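Fold and geometry: a report
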Amino acid sequence: MNEIWTEKYRPKDLDEVVGQKHITERMKAYVASGNMPHLLLAGPAGTGKTTCALALARGLFGDEWKGNFVELNASDERGIDIVRGKIKEFARTAPLGKAEFKIIFMDEADALTSDAQAAMRRTMEKYSKICRFVFSCNYSSKIIDPLQSRCAVFRFSPLTKEDVENYLRMIISKEDVKIDDDALEGLVHVARGDMRRAVNSLQVAASLGKQITLDVIYQTTGLA
């Protein structure tokens, strides 16, 4: 009952990811080959960067994906020594199962200073045989060139209104939410291609325990 819908309904498989087909097709090729380069996932919030990283890990590692994947948030851990310490701790142990490498997912990598990114580049080089790094950022311009040049760069676009609406309708059906058509249209509008914002706004509105009207959307999202 208290589960966060963005996690409850997060796609588990690359085939389930909404939009970004040019990216998921490339990632499926990595899964098929059992190998991948370092990646830089750049684009606005709520467009599927973390979801794709998690789905890629599941595809590559199967049931043992959690043991071969670690997520760090650069904005939470500005101290590069802390980040490097966690990376070394994770990297020095062998991958689980039949995996030949682990994945280190660095979210909000554009929060790292240039010096920290330079240190990260050296860490990447040291552990490249047993670790692949996936960097996620809103602005690739904030990632230093030496780091970008070592990654395959994927650019995520805001999701279309149709993609957002269709996904919300799926959740609405599964959660038995009562919502007016114009309220749903308002949710899609306020999301501006950000699926996380759309789903969170829907859950907040639904938590009021009544028919969701456009007025409820105004109250809960500040829709103007």
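Conventions and cut-offs
- Residues numbered from 1 in each chain as written.
- Predicted model: local features only at pLDDT ≥ 70, side-chain atom pairs only at ≥ 80, totals over all residues.
- Heavy atoms only, no water.
- Helix = DSSP H or I, 4+ residues; strand = E, 2+ residues; numbered from the N terminus.
- Contact = heavy atoms within 4.5 Å.
- 1 Å grid on protein atoms, 1.4 Å probe; cavity = no way out; pocket = protein on both sides within 12 Å on 5 of 7 lines; lining within 4 Å.
- Points joined across faces, edges and corners; volume = space filled by probe spheres on them.
- Nonpolar A, V, L, I, M, F, W, Y, C, P; charged D, E, K, R; others polar.
- Pairing = 2+ DSSP bridges.
- Axes fitted to C-alpha atoms, helices over the stretch in contact; angles between N-to-C directions.

Digging into the environment of Asp180
Among the structural elements, Asp180 can be located in the loop between helix H7 (161-175) and helix H8 (181-191). Sequence separation of Asp180 and Ser157 is 23 residues, and the distance between their C-alpha atoms is 28 Å. Not counting residues up to four positions away in its chain, the partners in contact with Asp180 are Gln211, Ile212 and Thr213.

Quick word on the layout of surface pockets
Over the atoms, a rolled probe matching the size of one water molecule traces out where space is still vacant. Volume-wise, the largest pocket comes out at about 500 Å³. Lining the largest pocket are 27 residues, and of these Arg10, Gly46, Gly48, Thr51 and Arg196 sit closest to its centre. Elements supplying a minimum of two residues to the lining of the largest pocket: helix H1 (5-8), helix H3 (49-61), strand S4 (131-137), H7 and helix H9 (195-206). In terms of residue class, the lining of the largest pocket is made up of 12 nonpolar, eight polar and seven charged.

Some details on the sheet that holds strand S1 (residues 38-42)
Taken together, the five strands give an open sheet; going across it, the order is S2-S3-S4-S1-S5, and neighbouring strands pair in parallel fashion. Of all the strands in the sheet, just strand S2 (69-73) and strand S5 (151-155) have a single pairing partner and so form its edges. Put simply, the sheet's adjacent strands are angled 15° from each other on average, direction ignored. As paired strands, strand S3 (residues 102-107) and S4 are joined by five bridges and run parallel to one another. Across the sheet, the residue bridging to Ile103 is Arg132, located in S4. Helix H2 (residues 21-33) contacts S1 and S5 of the sheet and is inclined by roughly 150° relative to S5.

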